[in-house]
Amino acid sequence: INIHLKSMLPSDIEGQRDPHEYYKWLSHTGWAEGYFVSDIKRVGQALEVRMLIDDIFTQSGSNALIVVGGDYNADIGSVPFKTVVGSVDDTNNPNLQPSVLIPCEMNVPSSQRFSLLHRGIGNMIDHIAVSQAFYPYWEKTSIFNELLPDKSIAFATTTKFPESDHAPVVAHFKVPDSWIP
């Protein structure tokens, strides 16, 4: 499942932005409402993904081979991330353990575990999570963030930095011989 959840940028609120400067808000309330709406959209999209995951588990059982990767626009402890991945700690139901997904980036050293730079701070918002049945085939994860631009700094325009502001996150898996025709 390839996902791209709503960005963390505030959603547009009619009459709350300067008509001449798009990123300039006219009130704190307008900015906060836009931020709230973006959060609701992102959590709603994560819920849709989780419903699809649960449908797959219902149809295929706990042996379902699932990979959910992409731009979650969410840190590992956030509600959208936890919604997609699942957690026995959050549900207090150990019977749901087989449907909890495993994030693949945890082998990357914490100092290098970021896929976006914002104001000099690394954030891990792009993830690859796999079902427990698929996890034994996982070998490693790499995050190619060495040349990642910080587009939040002054003068860091798309003209100067036309590449993505997200680092590629690549999970490596071994393919069992039984899968090769």
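So, here is what we can say about the structure in this document. (Residues numbered from 1 in each chain as written. Predicted model: local features only at pLDDT ≥ 70, side-chain atom pairs only at ≥ 80, totals over all residues. Heavy atoms only, no water.)

We now examine the overall build of the protein. A tally of helices and strands in the protein yields three helices and eight strands. Beginning at the N terminus, the succession of helices and strands in the protein can be written as β-α-β-α-α-β-β-β-β-β-β. Considered along the principal axes of its C-alpha atoms, the protein spans approximately 60 × 35 × 30 Å. Evaluated residue by residue, the protein yields a buried proportion of 36% over its 181 residues. Partitioning the intrachain contacts of the protein with sequence separation of at least 6 by distance along the chain shows that 71% fall at a separation of at least 24. (Helix = DSSP H or I, 4+ residues; strand = E, 2+ residues; numbered from the N terminus. Buried < 20%, exposed > 50% of the residue type's maximum accessible area, 1.4 Å probe, protein only. Contact = heavy atoms within 4.5 Å.)

A few words now on helix α1 (residues 28–60). Between its first and last C-alpha atoms α1 spans 48 Å; for 33 residues at 1.5 Å apiece the expected length is 48 Å, and the two agree. Looking only at α1, the buried set comprises G30, G34, S38, R42, A46, V49, R50, I53 and F57. Against β1 (2–4), β2 (67–71) and α2 (79–85) lie the buried residues of α1. Immediately beyond the C-terminal end of α1, within one or two residues, lies G61, with a positive phi of roughly 80 degrees. (Expected span 1.5 Å × (residues − 1).)

Pairing between the strands of a sheet comes from backbone hydrogen bonds, and it takes one of two forms, parallel or antiparallel. Read across the open sheet, the four strands follow the order β1-β2-β6-β3; overall the sheet is mixed. A single partner strand is all that each edge strand has here, and the edge strands are β1 and β3 (102–103). In terms of strand pairing, β3 meets strand β6 (residues 126–130) through two bridges, oriented antiparallel. Paired with I102 across the strands is V130, a residue of β6. (Pairing = 2+ DSSP bridges.)

This part covers the nonpolar core. I53, V68, Y72, V84 and L101 are the most contacted members of the largest nonpolar core, which totals 16 residues. If you list the elements that add at least two residues to this core, you get α1 and α2. Considering every element that reaches this core, the biggest residue donor is α1, with four residues. Grouped together as the second largest cluster of nonpolar side chains are 13 residues, V108, V130, F134 and A171 included. (Core = buried A, V, L, I, M, F, W, Y, C linked by side-chain atoms within 4.5 Å.)

Moving on, we come to the pairing of β2. In the sheet, β1 pairs with β2 via three bridges, with the strands oriented parallel. Note that in β2 the partner of N2 across the bridge is G69. Direction of pairing for β2 relative to β6: antiparallel, over a ladder of five bridges. Of the residues in β6, the one forming a bridge with V67 is V130.

Attention shifts here to the environment of G70. Tracing the chain through its elements places G70 in strand β2. In sequence terms G70 and L9 are 61 residues apart; their C-alpha atoms lie 18 Å from each other. Residue contacts for G70: discarding those within four places in its chain leaves N2, I3, I125, D126 and H127.

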